[in-house]
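Notes for the structure review
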Amino acid sequence: MLDDLICGRAASELFDGDAGVINPTIYADRRIYEQELERVFARSWLFIAHEKHIPKTGDFFATYMAEDPVVVVRQKDGSVRVFLNQCRHRGMKLCRVDRGNARAFTCSYHAWAYGIDGSLVNVPLEKESFGPDFRKADWGARQVPRVESYKGLIFANWDDAAMPLRQHLGEAAYYLDALLDRSPGGTEPIGGLFKWVIPCNWKFAAEQFASDMYHATFSHMSAVAATTPERAGQPSPLPGRQFRSPRGHGTGFYVSPGFDSEWRVPQTGHAVPGYDAAAVAARHEAHNPSRNAIATQHMTVFPNFSFFAGVNTCRVWHPRGPGEIEVWAFCLVDADATAAEREQLRQAALRTFSPAGTFEQDDGENWVEIQRVLRGFEARRTPMNAQMGRGREFGSDPTYPGSVNNAYNEDAARGLYAYWLEMMRTPVRAQNQGQADAGE
Amino acid sequence: MPVNSQQTAEPILPAASADELHAISQFLYHEAELLDAHRIAEWIELMADDLTYVMPICENQGPRDRHQQWSSPNELAYYDEGKEHLRLRLRKLESARHGRRSRNRGRAI
C-alpha cells in the first residue's frame with residue numbers, strides 16, 4: 001500500500017505526472033527532505049567510488065551516502081566493504097582523511113580500533129575496565145549490507161532486500177555502457193576529485209542531468225559562442241534521443257559518431273600534441289558502433305549519480321538539507337587511452353565541467369537563483385511546468401533500447417519525479433517486498 | 001604551486017629595492033583599475049605570452065600521506081591554463097547572451 005499523504009499533503013499535489021506539474025515545495029520543505037533521507041536515499045543504490053580508486057588491499061576512500069559518512073575499503077580477498085564512518089562507542093568520525101591505505105582505523109576519541117573489514121579489533125583498557133559481557137564482536141562498525149559493482153562503478157544500498165543493482169539499472173545499463181564500455185579496456189579515473197558546494201536542492205541537478213538537453217542551447221550559449229561559435233544559439237541539427245527509465249534514471253544524447261572526441265579540442269583551445277580525435281572515434285567505432293554514435297550524453301542514475309560523457313565528468317550530488325548540495329566530481333578516461341588522449345580529456349574536463357569550468361558556472365547560476373526564488377512564500381506554491389513532450393508520440397528507436405524519445409523533452413524528468421514520488425509514498429516496512437516484486 | 005614544507009625556508013622572492021616595490025605596487029593598481037573598468041582585454045595583454053596559472057586540488061591527508069595532498073600535474077585542478085584561456089573566458093563574458101544574463105541579474109538585485 002502506498003501512502004496517499006506525504007508530510008500532510010496529497011501525493012498528487014506534490015507531483016502530477018499526467019499533467020506534468022511540479023509543486024516547488026518539494027525543493028524547499030525541510031520535512032519532505034527528512035523523508036527523502038529515509039525513504040529515498042536509505043534504500044537506493046548510491047554511487048560510492050570507482051573500483052580503481054581503491055585497487056590494493058587496505059586502500060580506502062571516505063565518502064557519503066546522502067548525509068551519512070561511509071568508508072569504502074578494499075579487502076584482502078579483493079572484495080569491497082562499505083561501513084558507516086562512525087565509531088560505535090560515542091559516534092566519533094572514525095576515518096578523518098579523504099583517502100589512503102590503512103591496516104586499521106583508530107578512533108581519535110578513545111582509540112577504539114577497527115580492522116579494514118570494519119570489525120572492532122582493539123579497545124583500550126578492555127580487560128581492566130569493561131565487564132565480562134562486553135564482546136567486541138557486537139560492536140563492529142555498521143556495515144552497509146549491499147555492495148555491488150557495474151563495470152567499475154561501485155554502488156551500495158542500506159536496504160538488504162533491494163533488487164540487485166543490475167536489475168535496478170535495467171535498460172539504463174545500455175546507456176551507462178556508452179561511457180563505461182565504449183573502449184575495449186573499460187575506464188579508469190583521472191586522479192583528483194573536485195568537491196564544491198552549491199546552495200540548491202539536489203533534484204535540480206539530478207533532473208537536469210537526467211532529462212534536460214533543452215537548456216544547453218540557451219544557458220550555455222556564451223560558453224558555446226566562446227568555443228564553437230558556429231553552433232551558438234541554435235538547437236542542434238543532429239538527431240537526438242532521450243531515454244526514460246521506470247526506476248527514475250534518464251539520459252539524453254545526440255546521434256553523431258565521433259562527435260565527442262572532436263568536441264574536446266575547441267574546449268581546450270587547441271589539440272594536445274599527438275591527440276588524434278579520429279583515432280579515438282575509430283577505436284570506439286570498432287568496439288561498438290551504436291554506443292560510439294552517442295554524443296554529448298547527459299545521464300542520471302537515480303537518485304544522485306550523474307555524468308556528462310562529452311568530457312566524461314562523473315559526479316554525485318550529496319544532499320545537504322533541502323537547499324544545498326556538495327558536488328563530488330571526477331573524470332573517467334578510457335583505460336586504453338594514449339597519454340595525449342588523457343591530457344586532451346583532462347584539460348577539456350577541467351575547463352568545461354568543473355568548479356571553474358565555463359559550462360559548469362552556467363548551471364550553478366541557474367540552480368542557485370531558483371533556490372533563492374523559493375525563499376518566497378508565494379513562489380513555493382506556484383506550480384512549475386514539466387510538460388515538454390507530453391501528448392507527443394515520438395515512437396521507439398530501432399537501435400536504442402527502452403522508452404526512447406526526442407532529445408528535447410521532459411519525459412525523463414517526469415520519470416524521475418514519478419519514481420521519487422513512488423518511493424516517498426512507500427512506507428519503510430512494506431518497501432522490501434515491494435522492491436522485490438517490481439522486477440523487470 | 002604548492003609549497004613543500006620539507007624544503008628549507010627561503011624567501012619566495014629575491015629582495016627588492018624600494019623603487020622596485022613602488023613599481024610593483026603601481027602595476028597592481030593599474031591592473032585593478034583596468035579590471036574595475038571592465039577593460040579586460042587590455043588587462044590580459046599585460047600578461048606574458050607563456051603565462052600558466054595552476055590551482056591544484058587539496059585533499060585532507062594524514063601525516064604519512066601529506067606529500068600527496070595536492071593533485072599532481074597530470075591530474076585534475078581547479079585551474080591549469082594560460083593566456084589563450086584568459087581570452088576564451090573573455091569571449092564568453094563578451095558574448096551577447098552572457099551580457100543579457102548579467103544585465104538581467106543586475107536589475108533584479
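Above this text you will find the structure in question.
Only a predicted model underlies this, so the values are computations on that prediction, with no experimental measurement involved.

With that settled, consider the sheet that holds strand 22 (residues 384-385) of chain A. Residues and elements named next belong to chain A. The antiparallel open sheet is built from three strands, whose spatial order is 3-4-22. At either margin of the open sheet sits one strand with a lone partner, and together these are strand 3 (15-16) and strand 22. Relative to strand 4 (residues 21-22), strand 3 runs antiparallel, the two sharing two bridges. From the neighbouring strand, aspartate 16 faces strand 4, where its bridge partner is valine 21.

Taking 1.5 Å per residue as the helical rise, helix 13 (residues 360-373) of chain A with its 14 residues ought to reach 20 Å, and the 20 Å between its terminal C-alpha atoms agrees with that figure. Along helix 13 of chain A, the positions that sit buried rather than exposed are A:Glu360, A:Asp362, A:Asp363, A:Gly364, A:Trp367 and A:Gln371.

With that settled, the discussion passes to the sheet that holds strand 14 (residues 153-157) of chain A. All names here are of chain A. The sheet built from three strands is open, its strands ordered 5-14-13 with antiparallel pairing. The open sheet terminates on both sides in strands that have one partner only, identified here as strand 5 (46-50) and strand 13 (146-150). Averaged over all pairs of adjacent strands, the angle between strand axes in this sheet comes to 30°, irrespective of strand direction. Here helix 5 (residues 172-180) sits on the sheet in contact with strand 13 and strand 14, set at roughly 60° to strand 13.

Turning next to the packing of helix 2 (residues 30-39) of chain A against helix 15 (residues 411-425) of chain A. Residues and elements named next belong to chain A. Interaxial distance between helix 2 and helix 15 falls to 9 Å at its minimum, and their mutual angle equals 85°. It follows from the interaxial angle that helix 2 and helix 15 lie roughly perpendicular. Across the interface between the two elements, Ile32, Gln35, Glu36 and Arg39 from helix 2 touch Trp420, Met423, Met424 and Arg425 from helix 15. Here the residues of the contact of helix 2 with helix 15 sort into four nonpolar, one polar and three charged.

Residues and elements named next belong to chain A. Ranked by size, the top nonpolar core spans 108 residues in total, and within it Ile48, Met65, Tyr175, Leu176, Phe305 and Trp420 carry the most contacts. For tyrosine 175, the contacting residues outside a window of four places in its chain are Phe243, Thr251, Phe253, Ile294, Gln297, Met299, Phe307, Tyr400, Pro401 and Val404. Within the second largest apolar cluster, 18 residues are counted, among which are Val71, Ala102, Tyr114 and Ile116.

The next subject is the side chain of A:Asp334. Residue and element names in this part refer to chain A. With respect to the helices, strands and loops of the structure, aspartate 334 is situated in strand 21 (residues 325-334). For aspartate 334, a relative accessible area of 8% gives the class buried. Non-local contacts of aspartate 334, meaning those with residues more than four positions away in its chain, are made with Ser183, Gly186, Thr187, Arg283, His284 and Arg342.

Residues and elements named next belong to chain A. Interaxial distance between helix 9 (residues 259-268) and helix 12 (residues 339-352) falls to 9 Å at its minimum, and their mutual angle equals 60°. In this view, helix 9 runs oblique relative to helix 12, as classed from their interaxial angle. Remark: the crossing between helix 9 and helix 12 carries left-handed chirality. Contacts between helix 9 and helix 12 involve Arg264, Val265, Gln267 and Thr268 from the first element and Gln344, Leu345, Gln347, Ala348, Arg351 and Thr352 from the second. Residues of the contact of helix 9 with helix 12, tallied by class, amount to three nonpolar, five polar and two charged.

On to the pattern of salt bridges. Where charged atoms from two side chains of opposite charge approach closely, those side chains can pair. Summed over all chains, the structure comprises 37 salt bridges over all chains. Here the salt bridges share partners, and the residues they tie into one network are A:Lys151, A:Asp177, A:Asp181 and A:Arg291.

In a regular helix each residue adds 1.5 Å, so 12 residues correspond to 16 Å; helix 3 (residues 83-94) of chain B covers 17 Å between its end C-alpha atoms and thus fits that length. Turning to helix 3 of chain B, its buried residues are B:Lys83, B:His85, B:Leu86, B:Leu88, B:Arg89, B:Leu90 and B:Lys92.

This brings us to the interface of chain A and chain B. Between chain A and chain B, the contact holds 41 residues from the first and 28 residues from the second. Summing both partners gives a buried area of about 2,900 Å² for chain A against chain B, and 48% of it is carried by carbon and sulfur. Connecting chain A to chain B are four salt bridges. Close ionic contact of A:Arg99 with B:Glu59 constitutes a salt bridge, the shortest N to O distance being 2.6 Å. Scanning the region where chain A abuts chain B turns up 17 residue pairs in polar contact (both at pLDDT 80 or more). Of all elements in the fold, only strand 9 (99-101), strand 15 (187-198), helix 7 (216-219), helix 8 (221-227), helix 9, strand 21, helix 12 and helix 13 of chain A reach the threshold of two or more residues within the side of chain A that touches chain B. Looking at side-chain class alone, the side of chain A that touches chain B contains 16 nonpolar, 15 polar and 10 charged residues.

Analysis parameters
- Per chain, residues are indexed from 1 in the order of the written sequence.
- Ligands are numbered from 1 and chains lettered from A, in the order in which they are written.
- Since the coordinates come from a predicted model, pLDDT governs what is reported: local features require at least 70, and pairs of side-chain atoms require 80 or more to be given and counted, while whole-chain, interface and lining totals use all residues.
- To obtain the side-chain values, all non-hydrogen atoms of the structure were included, while hydrogens and water were left out.
- A pair of strands is labelled paired if DSSP reports no fewer than 2 bridges between them.
- Secondary structure follows DSSP: runs of H or I at least 4 residues long count as helices, runs of E at least 2 residues long count as strands, and numbering of each begins at the N terminus.
- Helix span, expected: 1.5 Å multiplied by one less than the number of residues in the helix.
- Remark: exposure states derive from per-residue accessible area (1.4 Å probe, protein chains only) relative to the maximum for the residue type, with buried under 20%, exposed over 50%, and partly exposed in between.
- Structural elements are reduced to axes, namely lines fitted to C-alpha atoms, with helices fitted over the stretch in contact, and the angle between N-to-C directions of any two is expressed from 0 to 180 degrees.
- When checking whether two residues touch, look at their non-hydrogen atoms; a contact exists if any pair is within 4.5 Å.
- To sort the angles, those under 35 degrees are grouped as roughly parallel, those over 145 as roughly antiparallel, those from 65 to 115 as roughly perpendicular, and the leftovers as oblique.
- Residue type decides the class: Asp, Glu, Lys and Arg count as charged, Ala, Val, Leu, Ile, Met, Phe, Trp, Tyr, Cys and Pro as nonpolar, and the leftover types, Gly among them, as polar.
- For this analysis, a nonpolar core means a set of buried residues of the types Ala, Val, Leu, Ile, Met, Phe, Trp, Tyr and Cys, connected via side-chain atoms within 4.5 Å.
- With the far helix as reference, a near helix turned anticlockwise by less than a right angle produces a left-handed crossing, and one turned clockwise produces a right-handed crossing.
- In the sections that follow, a salt bridge refers to a side-chain nitrogen of Lys or Arg positioned within 4 Å of a carboxyl oxygen of Asp or Glu.
- By buried area we mean the combined loss of accessible area, with a 1.4 Å probe, across both parts when two parts are placed together.
- Each polar contact in these results corresponds to two N or O atoms within 3.5 Å; when the atoms are within protein, one needs to be able to donate a hydrogen and the other to accept it, and residues that are neighboring in sequence are counted only if both atoms are side-chain atoms.

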